[in-house]
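# Residue-level structure breakdown
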Amino acid sequence: MPQAETLADGPTSLITLLADADATHGALTANRATLRSGSPGTPAHFHTRASELLFVLGGSLRALAGKHVHTLGPGDLLLVPPRLPHAFAPASGRDADILVLFTPGLARFDYYRLLERVAKGEATVQDIRDSSEHYDNHYLDSPAWRDALQTP
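To start, this report covers the structure provided alongside it. Quick caveat: nothing in here was measured; it's all calculated off a predicted structure. (Residues numbered from 1 in each chain as written. Predicted model: local features only at pLDDT ≥ 70, side-chain atom pairs only at ≥ 80, totals over all residues. Heavy atoms only, no water.)

## Observations regarding the packing of aromatic side chains
- Tallied over the full model, the rule gives two aromatic pairs.
- Ring geometry for Tyr 111 and Tyr 112: centres 5.6 Å apart, planes at 65 degrees, overall edge-to-face.
- Residue class for Tyr 112 comes out buried when judged on its relative accessible area of 7%.
- Following the ring pairs from residue to residue traces out a cluster consisting of Tyr 111, Tyr 112 and Tyr 135. (Phe/Tyr/Trp six-rings, centres within 6.5 Å; stacked < 30°, edge-to-face > 60°. Buried < 20%, exposed > 50% of the residue type's maximum accessible area, 1.4 Å probe, protein only.)

Okay, here's the thing in structure tokens:
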């Protein structure tokens, strides 16, 4: 089994690529996100073709699901069905270590590699926007998430 690839999509965030759709016959895609205190996490978005499961391995995670923001701790799980707006970041002053699963699996590893290239200045935010349909990441504005990020 090959060693997992770890990417930095910013100075406070690592993504470890565990299994992409091709390795699971389309059943799931899996990664581990290590978010340091102060990480912006993921902006509000939704998927049309997959459910996303967030399992907190350690630390504390703030997560948007629809219009509600939850604080999750080790052992907590959040399942986000298709089309439900969601976002996540470490809780204020905390780190978060999470397992992220998508089912069914979609080839997403190149999306994470794109995020790293943007962080390095080798690609642009417009490249992310342009890939929205391909990677099934549809970004949106969420007043609930904006408000949550403003409060510790």
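## Examining the environment of Ala 89
- In this structure, Ala 89 sits in strand E9 (residues 86-90).
- Classification of Ala 89 by relative accessible area gives buried; the value is 3%.
- As for Ala 89 and Leu 115, which are separated by 26 residues in sequence, their C-alpha atoms are 16 Å apart.
- In contact with Ala 89, other than residues within four places in its own chain, are Leu 35, Ser 39, Pro 40, Gly 41, Leu 61, Arg 62 and Trp 145. (Helix = DSSP H or I, 4+ residues; strand = E, 2+ residues; numbered from the N terminus. Contact = heavy atoms within 4.5 Å.)

## Topic: the sheet that holds strand E10 (residues 96-103)
- Taken in spatial order, the six strands of this open sheet run E1-E2-E3-E10-E5-E8, and their pairing is antiparallel. What marks the edges here is a single partner per strand, and that holds for strand E1 (5-10) and strand E8 (77-80). Within this sheet the neighbouring strands show an average axis-to-axis angle of 20 degrees, counted without direction.
- Here strand E5 (residues 51-59) pairs with E10 via eight bridges, running antiparallel. By the bridge assignment, Leu 54 is partnered in E10 with Val 100. (Pairing = 2+ DSSP bridges. Axes fitted to C-alpha atoms, helices over the stretch in contact; angles between N-to-C directions.)

## Regarding the side chain of Arg 62
- Summarising the element assignment, Arg 62 is placed in strand E6 (residues 61-65).
- For Arg 62, which is buried and forms no salt bridge, the nearest opposite charge comes from Asp 147, at a distance of 10 Å.
- At 2.6 Å, the side chain of Arg 62 forms a polar contact with the backbone oxygen of Ala 148.
- Within the structure, Arg 62 has its side chain in polar contact with the backbone oxygen of Thr 151 (distance 2.8 Å). (Lys, Arg positive; Asp, Glu negative; His and termini not counted. Salt bridge = Lys/Arg side-chain N within 4 Å of Asp/Glu carboxyl O. Polar contact = N/O pair within 3.5 Å; in protein donor to acceptor, adjacent residues only side chain to side chain.)

## As for the sheet that holds strand E4 (residues 42-46)
- Strand order in the open sheet formed by five strands is E7-E6-E9-E4-E11, with antiparallel pairing between adjacent strands. Only two strands of the sheet have a single neighbouring strand rather than two, namely strand E7 (68-72) and strand E11 (138-139).
- Direction of pairing for E4 relative to E11: antiparallel, over a ladder of two bridges. For Phe 46, the partnering residue across the bridge sits in E11 and is His 138.

Distances and angles like these do not, on their own, reveal function.
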